[in-house]
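# Topology and contacts: notes
Listed below, chain by chain, are the residues.
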Amino acid sequence: MRRLGAALALAALAPAALAAQGAERAPRRWVSQLYPYAYYSSVDGFWLAGHVAWYSPMGFTERPEPNFANVRLDAAASTQGSYLIVADAQAPAYWDGWRVRLTLTAARANRLGYYGQGNDTPYDADSVTPARPYFYQVSRTIGSARVTVQRRVAGPLRVLAGASVEHTDFRELPGESRFQRDRVAGIVRPGEVPFSDRVVRGGVIVDWRDQEVDPHGGVFVE
């Protein structure tokens, strides 16, 4: 009787175990998103933007990560010449024990405020005239790349390694400007514009959050 009961229990549990194993090994399902949108900024005017993304949802799997992986592309351009392009790929749970993220950004703030160097620079509203409407503005362009790789050591403990590079350049707008004066006077030196930042980092993460998007409990330390 005991052997018969054990056999019946195994027979009852086998379909559930096989289903869980099949779900774990099943190919990831991908969902796509695509939509345009528009908004207004007092500095850059009207923006027209678009968003396209693909993500692999968790489904009924109870894990703290928001999804297995996702890839998105956001692009926007304004009526004042500014733009923003962001390509981002994340894999928080696609490979067991690993987390990978890569972000590429290209952005231009074509009406960035520039009032001089230091906190004591004076501002004169009369300096802005029809002949020099961008006297206190400059165009700034940024391109950056950032990659981060994390590896789970045990339980909530992970180690990470990352690197990033960012290149920044400034461009004079038509007409006389404060930025042009500072560049001619040598206050803004040629070696400082354009410039690049390169960063390499490493770290340790302890993450007890029950859910990463909307946590109700746990501790996150980096």
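In this report, the structure presented in the accompanying data block is examined. (Residues numbered from 1 in each chain as written. Predicted model: local features only at pLDDT ≥ 70, side-chain atom pairs only at ≥ 80, totals over all residues. Heavy atoms only, no water.)

### Some words on the overall build of the chain
- Helices and strands together make up the secondary structure of the chain, namely 2 helices and 9 strands.
- Buried positions account for 24% of the 222 residues belonging to the chain.
- In the chain, 55% of the contacts between residues at least 6 apart in sequence involve partners at least 24 apart.
- Of the roughly 14600 Å² that the chain leaves accessible, carbon and sulfur atoms contribute 60%. (Helix = DSSP H or I, 4+ residues; strand = E, 2+ residues; numbered from the N terminus. Buried < 20%, exposed > 50% of the residue type's maximum accessible area, 1.4 Å probe, protein only. Contact = heavy atoms within 4.5 Å. Areas by Shrake-Rupley, 256 points an atom, 1.4 Å probe, with all protein chains shown as cover.)

### Some details on the pattern of salt bridges
- Enumeration according to the criterion identifies 14 salt bridges in this entry.
- Measuring nitrogen to oxygen at the nearest pair gives 3.9 Å for the salt bridge that ties R183 to E172. One end of the pair, R183, is in helix α2 (residues 178-184); the other, E172, is in the loop between β7 (157-171) and α2, and 11 residues separate them in sequence.
- Overall, the relative accessible area of 31% leaves R183 in the partly exposed class.
- You can call E172 partly exposed: its relative accessible area is 27%.
- Look at the salt bridges and you will find they share partners, linking R63, E65, R99 and E212 into a network. (Salt bridge = Lys/Arg side-chain N within 4 Å of Asp/Glu carboxyl O.)

### Quick word on the sheet that holds strand β8 (residues 195-207)
- Taken in spatial order, the 9 strands make up an open sheet running β1-β2-β3-β4-β5-β6-β7-β8-β9, and their pairing is antiparallel. Of all the strands in the sheet, just β1 (31-41) and β9 (220-221) have a single pairing partner and so form its edges.
- By the bridge criterion, 2 bridges tie β8 to β9 in an arrangement that is antiparallel. Within β9, the position partnered with V206 by the bridge is V221. (Pairing = 2+ DSSP bridges.)

### A short note on the side chain of S56
- Relative to the helices and strands, S56 resides in strand β2 (residues 45-56).
- For S56, a relative accessible area of 0% gives the class buried.
- Contact partners of S56, with chain neighbours within four places excluded, come to R28, R29, W30, N67, F68 and A69.

### Thoughts on the packing of aromatic side chains
- In the structure shown here, the tally under the stated rule is 12 aromatic pairs.
- Ring centres of Y39 and W47 lie 5.6 Å apart, and the angle between their planes is 10°; on these two criteria the pair is classed as stacked.
- Of the residues examined, Y39 reaches a relative accessible area of 34% and is grouped as partly exposed.
- Take W47: its relative accessible area is 9%, and that puts it in the buried class.
- Judged by centre distance (5.9 Å) and plane angle (70°), the rings of Y115 and Y123 are edge-to-face. (Phe/Tyr/Trp six-rings, centres within 6.5 Å; stacked < 30°, edge-to-face > 60°.)

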